[in-house]
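# Tertiary structure, described
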Amino acid sequence: MADAIADTRRLCAKPQNLHDAYGPPSNFLEIDVSNPETVGVGRSRYTTYEVRLKTNLPIFKLKESCVRRRYSDFEWLRAELERESKVVVPPLPGKALFRQLPFRADNGIFDDSFIEERRQGLEQFLNKVAGHPLAQNERCLHMFLQDESVDKNYTPSKVRQA
C-alpha cells in the first residue's frame, strides 16, 4: 500500500484590498425593530413599532424601507407564513395575558420593560423569518416589511425576482 501524505498547503488566496475589506458585503439583510410608540387611550390603546429594512438582495423591490407595525400585524404575518409557505415559522413573543388584567400595580402591557422585551422578541422573529430563503419569496413578508399598510385581504403569491 502506498503511503498517502495529506496535502496541508493553503489555497492561494487573492490579496485583499481596502475595498474588499471595508466595502459593502455581497448580500446583506438588516431588519431593526425600534422606537415603540403607545397610542390611544383606554381599551383602544396599543403600541406600534418601527420596522426598518436595509438590504441589497435583489428579491426586495425597495433597498431601504421604514414602516410602523403593531403586535397584531406580526401575528397576521406569522399566520400567513404558516398557511402559505413551507417554512417552519418561529414563535412570536408571548401575548402576556396576565399583564392585561385590570388593577395592576404597573402599566401592564404598556410597561417600558415589557415593551422593550417584546421589541427584542419581535426583532429576533423578523430576522429569523426574513433570513430564510423560502420566506423571502412570500408576498406577505414583502408587504409586511415594505408597504405602508398591510392589506389583509391580499391574494397570497410568490414574489419573482426582478
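Located above this text is the structure these notes cover.
These numbers were taken from a predicted model, which means no experiment stands behind them.

## Structural notes on the overall build of the chain
The helix and strand tally for the chain stands at four helices and three strands. In the chain, the succession of α and β elements from N to C terminus is α-β-β-β-α-α-α. Counting only residues that meet the buried cut, the chain has 34% of its 162 residues in that class. Sequence-distant contacts in the chain: of pairs separated by 6 or more residues, those separated by 24 or more amount to 54%. Carbon and sulfur atoms make up 51% of the accessible area of the chain, which amounts to about 11200 Å² in all.

## Description of helix α2 (residues 71-84)
Between its first and last C-alpha, α2 extends 20 Å over 14 residues, near the 20 Å set by a 1.5 Å rise per residue. Of all the positions in α2, only Tyr 71, Asp 73, Phe 74, Trp 76, Leu 77, Arg 78, Glu 80 and Leu 81 are classed as buried. Contacts from the buried residues of α2 go to β2 (46-55), β3 (64-70), α3 (112-130) and α4 (139-146).

## Concerning the pairing of β2
For a regular strand, side-chain orientation follows a simple rule: the groups alternate between the two sheet faces. Of all ten residues in β2, seven are buried; the element is thus mostly enclosed. Both strand β1 (residues 29-39) and β2 contribute to a ladder of nine bridges, which runs antiparallel. Counted as the bridge partner of Glu 30 is Lys 54 from β2. Linking β1 to β2, which pair antiparallel, is a turn of six residues; within it Gly 40 sits at a positive phi near 85 degrees. Relative to β3, β2 runs antiparallel, the two sharing seven bridges. Residue pairing in the sheet places Leu 53 in a bridge with Ser 65 of β3.

## Notes on the packing of aromatic side chains
Counted according to the given criterion, the structure contains two aromatic pairs. In this arrangement the basic side chain of Arg 69 is found over the ring face of Phe 144, its NZ or CZ atom lying 5.4 Å from the centre. Arg 70 extends its terminal NZ or CZ atom over the ring of Tyr 46, reaching a point 3.7 Å from the ring centre.

## Some points on the sheet that holds β2
The three strands are arranged β1-β2-β3 in an open sheet whose pairing can be described as antiparallel. Edge positions in the open sheet fall to β1 and β3, since each of these has one partner strand only. Averaged over all neighbouring strand pairs, the angle between strand axes comes to 20 degrees, with direction disregarded. The sheet strands contacting α3 are β1 and β2, and the helix crosses β1 at an angle near 150 degrees. Lying over the sheet, α4 contacts β1, β2 and β3, oriented at roughly 90 degrees with respect to β3.

Reading the values: rules and limits
- Residues numbered from 1 in each chain as written.
- Predicted model: local features only at pLDDT ≥ 70, side-chain atom pairs only at ≥ 80, totals over all residues.
- Heavy atoms only, no water.
- Helix = DSSP H or I, 4+ residues; strand = E, 2+ residues; numbered from the N terminus.
- Buried < 20%, exposed > 50% of the residue type's maximum accessible area, 1.4 Å probe, protein only.
- Contact = heavy atoms within 4.5 Å.
- Areas by Shrake-Rupley, 256 points an atom, 1.4 Å probe, with all protein chains shown as cover.
- Expected span 1.5 Å × (residues − 1).
- Pairing = 2+ DSSP bridges.
- Phe/Tyr/Trp six-rings, centres within 6.5 Å; stacked < 30°, edge-to-face > 60°.
- Lys NZ or Arg CZ within 6 Å of the ring centre and 35° of its normal.
- Axes fitted to C-alpha atoms, helices over the stretch in contact; angles between N-to-C directions.

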